[in-house]
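Structural features, examined
Below, each chain spelled out in residue letters.
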Amino acid sequence: MQNITGTLMLEDRIVATIVNGMITEFNDDLLPLYLKRTKNVEGWIAARAIDPHRTNSRLLKRALRLRTTDDVNTALAVNAATITDRYWFKPEGSNDVYEDIRFKENYFDQLALRGDPDSFSCKPSRTPELTNTGSFEKCWKLIDGKWWMYKSGNSDELFSELFICRLGEKLGFNMAHYEIDGQYIRSEDFTEGAKVNFESMKSLVDDDEDYTNCFRTLISVSPELARQYLELIWMDSLCYNMDRHTENFGLLREIETGKILSLAPNYDNNIALIARGYPRDVSRENDGLIRFFSEFVMSCTEAHEMYRNMNLPEITAKMIDE
């Protein structure tokens, strides 16, 4: 347990008082979902840090003169603030307010994205890259006052992400919108500058991505959330998304009340479709992902009934061609 003492803030409201890594007082309505469930402050902060296994993560820390490889201290270097929510940590004795710590620029986007050597000449400054999670090289770019996520990948990964986005939009699903920009793919921040707080599904279920577990957890909060989850994993099964896990889908919460509003838009489909090549059996008659989905729907009574009444859209050859 690290010596973490101060206050967990939501903008300029105190959400929790923390002494030596322990929560002593808190506002239950506004507390992050992970902390509601676990009260593990160190774990919550560490989960907000950039993946240390990314090559450009190591370069970034070197350029910023960070002496630590520890996830907690990496995140705390920017008050554990992120682009997609308004939570942050205020250490004991600090007079900072949210306006002081929120991200207003990013001089290290090219270093995080592609290992740009010129970034080492930039003066160390606050960058959202220290809390930009995920295993792919990526960055946040501020363009005309809006944050965009840029992500690298090979041509098949970029195609798969883009195609699934367009197909989902044709079907009327809630999709994060992707577009190609040069050799990268980009998507505008779906929280629109943290007008809502995003929290990953890991906040509720840790790493247990089992369909039944996720569905029952969500239906206990709201049947509508469970229905949105069925749409998500139906689309995953259809588009051969092998990599849906509890850190690449999640929930949107209201800033003022903490109310859970909906699932976040469908994003992170770059390890799907043809990203890892074509399956031997393109007819998919004995397909594992389809079987996993079918077995779940048939074994979970609530999911079966909900699925039967969903009236999912038809996918036509014309739609695929378009």
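Computed from a prediction, not measured in an experiment: that's the story for all the values here.

This brings us to the side chain of Ser 203. Within the secondary structure, Ser 203 sits in helix 8 (residues 202–205). The buried category is assigned to Ser 203, whose relative accessible area is 8%. With residues near it in sequence (within four places) discarded, Ser 203 still touches Leu 33, Tyr 34 and Arg 37.

This brings us to the sheet that holds strand 9 (residues 196–200). Across the sheet, 3 strands lie side by side as 9-10-11; this open sheet has antiparallel pairing. Two strands close off the open sheet at either side, each with one partner strand: strand 9 and strand 11 (260–263). Mean inter-strand twist for the sheet, computed between neighbouring axes without regard to direction, equals 30°. As defined by bridge partners, strand 9 adjoins strand 10 (residues 250–254) across 5 bridges and the pair is classed as antiparallel. The residue of strand 10 that forms the bridge with Ser 200 is Gly 250. Packing against the sheet, helix 10 (residues 223–238) makes contact with strand 10 and strand 11, and its axis sits at approximately 15° to strand 11.

Within a pair of aromatic rings, the relevant descriptors are the distance that separates the centres and the angle that separates the planes. One pass over the full model with this rule turns up 11 aromatic pairs. Between Phe 190 and Tyr 267, the ring centres sit 5.5 Å apart and the planes meet at 45°, which makes this aromatic pair tilted. With a gap of 77 residues between them, Phe 190 in the loop between strand 8 (184–188) and strand 9 and Tyr 267 in the loop between strand 11 and helix 11 (288–299) connect regions that are remote in the sequence. One Lys or Arg, Lys 39, reaches over the ring of Phe 26 and ends 4.8 Å from the middle of that ring. Over the aromatic face of Tyr 150 sits the side chain of Lys 141, whose NZ or CZ is 4.5 Å from the ring centroid.

Rules used in this analysis
- Residues numbered from 1 in each chain as written.
- Predicted model: local features only at pLDDT ≥ 70, side-chain atom pairs only at ≥ 80, totals over all residues.
- Heavy atoms only, no water.
- Helix = DSSP H or I, 4+ residues; strand = E, 2+ residues; numbered from the N terminus.
- Buried < 20%, exposed > 50% of the residue type's maximum accessible area, 1.4 Å probe, protein only.
- Contact = heavy atoms within 4.5 Å.
- Pairing = 2+ DSSP bridges.
- Axes fitted to C-alpha atoms, helices over the stretch in contact; angles between N-to-C directions.
- Phe/Tyr/Trp six-rings, centres within 6.5 Å; stacked < 30°, edge-to-face > 60°.
- Lys NZ or Arg CZ within 6 Å of the ring centre and 35° of its normal.

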